[in-house]
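Per-entry structural report
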Amino acid sequence: MPNITVYSTDPCSFCSRAKELLTRRGYAYDEINLSKDPAGRAELVDKTGMFSFPQIVINGEVLGGFRELVQADMSGRLEELAQAA
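For the structure given in this document, a descriptive report is provided here.

The two faces of a sheet get side chains in turn, since along a regular strand they alternate between them. With 4 bridges joining them, strand S1 (residues 4-8) and strand S2 (residues 30-33) adopt parallel strand pairing. Each bridged residue has a counterpart across the sheet, and for Ser8 the counterpart in S2 is Asn33. Viewed along the sheet, the connection from S1 through helix H1 (residues 13-24) into S2 turns out right-handed.

Below, the structure written as structure tokens:
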């Protein structure tokens, strides 16, 4: 089972859509909501280099945001990353 983490904030329509896509595909994920955690946001930027939300990490590899998740899903890469666990 893959280790998927979705870093999110509120409100965030792309965060909701990313979580819906993962759920539809049958992938469980942990959500870390950083809407009220400025220190956590700063740590995430240091880790990923991105300021936007959501940020999706699969098995320790930064996938990116919602757009990258959709691209990975359409290309089959999401399934490959999930199976690499």
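Of the positions making up helix H3 (residues 66-75), those classed as buried are Phe66, Leu69, Ala72 and Asp73. Angular distribution of buried residues about the axis of H3 spans 125°; they occupy a single face of the element. For H3, the exposed residues lying more than 90 degrees away from the buried face are Arg67, Met74 and Ser75. Those residues of H3 that are buried are in contact with H1, strand S3 (55-58), strand S4 (61-64) and helix H4 (77-83). One or two steps after H3, the chain reaches Gly76, where phi turns positive at roughly 90°.

With that settled, the discussion passes to unusual backbone geometry. In this model, Asp10 is joined to Pro11 through a cis peptide bond whose omega is -15°. Mapping Pro11 onto the fold places it in the loop between S1 and H1.

A few words on the packing of H1 against H3. Relative to each other, H1 and H3 sit at 25°, their axes nearing to 9 Å. It follows that H1 is roughly parallel to H3 by the angle criterion. Regarding H1 and H3, the two cross each other, and that crossing is left-handed. Across the interface between the two elements, Phe14, Arg17, Ala18, Leu21 and Leu22 of H1 pack against Phe66, Leu69, Val70 and Asp73 of H3. Tallied by class, residues from the contact of H1 with H3 come to 7 nonpolar, no polar and 2 charged.

This next bit is on the environment of Leu63. Considering the arrangement of structural elements, one finds Leu63 in strand S4. Note on Leu63: relative accessible area 9%, which makes it buried. It is 14 Å that separates the C-alpha atoms of Leu63 and Val45, two residues lying 18 residues apart in sequence. Those residues within four positions of Leu63 in sequence are excluded, and the remaining contacts are Ile56, Val57, Ile58, Glu68, Leu69, Ala72, Arg77 and Leu81.

Conventions we followed
- Residues numbered from 1 in each chain as written.
- Predicted model: local features only at pLDDT ≥ 70, side-chain atom pairs only at ≥ 80, totals over all residues.
- Heavy atoms only, no water.
- Pairing = 2+ DSSP bridges.
- Helix = DSSP H or I, 4+ residues; strand = E, 2+ residues; numbered from the N terminus.
- Right-handed = clockwise from strand over helix to strand, strands pointing away.
- Buried < 20%, exposed > 50% of the residue type's maximum accessible area, 1.4 Å probe, protein only.
- Arc of directions from axis to C-beta.
- Contact = heavy atoms within 4.5 Å.
- Axes fitted to C-alpha atoms, helices over the stretch in contact; angles between N-to-C directions.
- Parallel < 35°, antiparallel > 145°, perpendicular 65-115°, else oblique.
- Left-handed = near helix turned anticlockwise from the far one by under 90°.
- Nonpolar A, V, L, I, M, F, W, Y, C, P; charged D, E, K, R; others polar.

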